[in-house]
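Spelled out, the chains give:
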Amino acid sequence: QVQLVESGGGSVQPGGSLRLSCAASVYTSNTYCMGWFRQGPGKEREGVAAISAGGRLAVIADSVRGRFTISRDTKNTIYLQMNSLKPEDTAIYYCAASSPWSACREQDASGYNYWGQGTQVTVSS
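The structure presented is a predicted model; accordingly, all values stated were derived computationally and were not measured. (Residues numbered from 1 in each chain as written. Predicted model: local features only at pLDDT ≥ 70, side-chain atom pairs only at ≥ 80, totals over all residues. Heavy atoms only, no water.)

Caption draft 1: Region of the structure containing the packing of aromatic side chains. Considering all chains together, one arrives at four aromatic pairs under this definition. Centroid distance F37 to Y112: 5.0 Å. Interplanar angle 90°. Geometry classified as edge-to-face. Of this pair, F37 sits in strand 4 (residues 33–39) while Y112 sits in the loop between helix 1 (101–106) and strand 10 (114–115), and the two are 75 residues apart along the sequence. Across this residue pair, the class does not change: F37 and Y112 are buried. Taking the centre distance of 5.0 Å and the plane angle of 50° together, the rings of F37 and W115 count as tilted. Here the residue F37 occupies a position in strand 4, and W115 occupies one in strand 10, the gap between them amounting to 78 residues. Among the aromatic residues, those joined into a ring-pair cluster are F37, Y112 and W115. The lysine or arginine in question, R19, covers the ring of Y79, its NZ or CZ lying 5.7 Å from the ring centre. Here the basic side chain of R45 rests over the ring of W115, its NZ or CZ set 4.6 Å away from the ring centre. (Phe/Tyr/Trp six-rings, centres within 6.5 Å; stacked < 30°, edge-to-face > 60°. Helix = DSSP H or I, 4+ residues; strand = E, 2+ residues; numbered from the N terminus. Buried < 20%, exposed > 50% of the residue type's maximum accessible area, 1.4 Å probe, protein only. Lys NZ or Arg CZ within 6 Å of the ring centre and 35° of its normal.)

Caption draft 2: Focus on the side chain of E6. You can see E6 is positioned in strand 1 (residues 4–7). At 9.9 Å, R45 is the nearest oppositely charged side chain to E6, a buried residue that forms no salt bridge. In terms of polar contacts, E6 uses its side chain to reach the backbone amide nitrogen of Q117, at 3.1 Å. When near neighbours in sequence (up to four residues on either side) are disregarded, E6 contacts S21, C22, W36, Y93, Y94, C95, G116, Q117, G118 and T119. (Lys, Arg positive; Asp, Glu negative; His and termini not counted. Salt bridge = Lys/Arg side-chain N within 4 Å of Asp/Glu carboxyl O. Polar contact = N/O pair within 3.5 Å; in protein donor to acceptor, adjacent residues only side chain to side chain. Contact = heavy atoms within 4.5 Å.)

Caption draft 3: A look at unusual backbone geometry. Positive phi values are uncommon outside glycine, yet S84 reaches one of about 50°. Along the chain, S84 turns up in the loop between strand 8 (77–82) and strand 9 (91–98). Its relative accessible area of 40% is what places S84 among the partly exposed residues. Of note, the phi angle at Q107 is positive, near 50°, even though the residue is not glycine. You can see Q107 is positioned in the loop between helix 1 and strand 10.

This is the structure we're talking about:
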């Protein structure tokens, strides 16, 4: 049983930055890989980034590579640093956890076991 709570969303202008956080209710290191997904208005949910349980491996979507960075601490929190934000980054961002590494590696939403409620990110001028 894992509960996830996202925070850090908000409204920014293009080119701005935000850092999202996701706190898990249990210790996740060595047990769950974790990832970030997003769903914009009228768009399909897409994987943004994922990180392995130990934090050594990361998967980054082409659309955000070079702008976003995923990281995790040694206990129960992961982060998504978002720089150079664009209007197309506007979406609800969801934190998720997976027991199988394959779901995180492939950014396969259907393979994730737990989901947070999401946090809104709005990028507009």
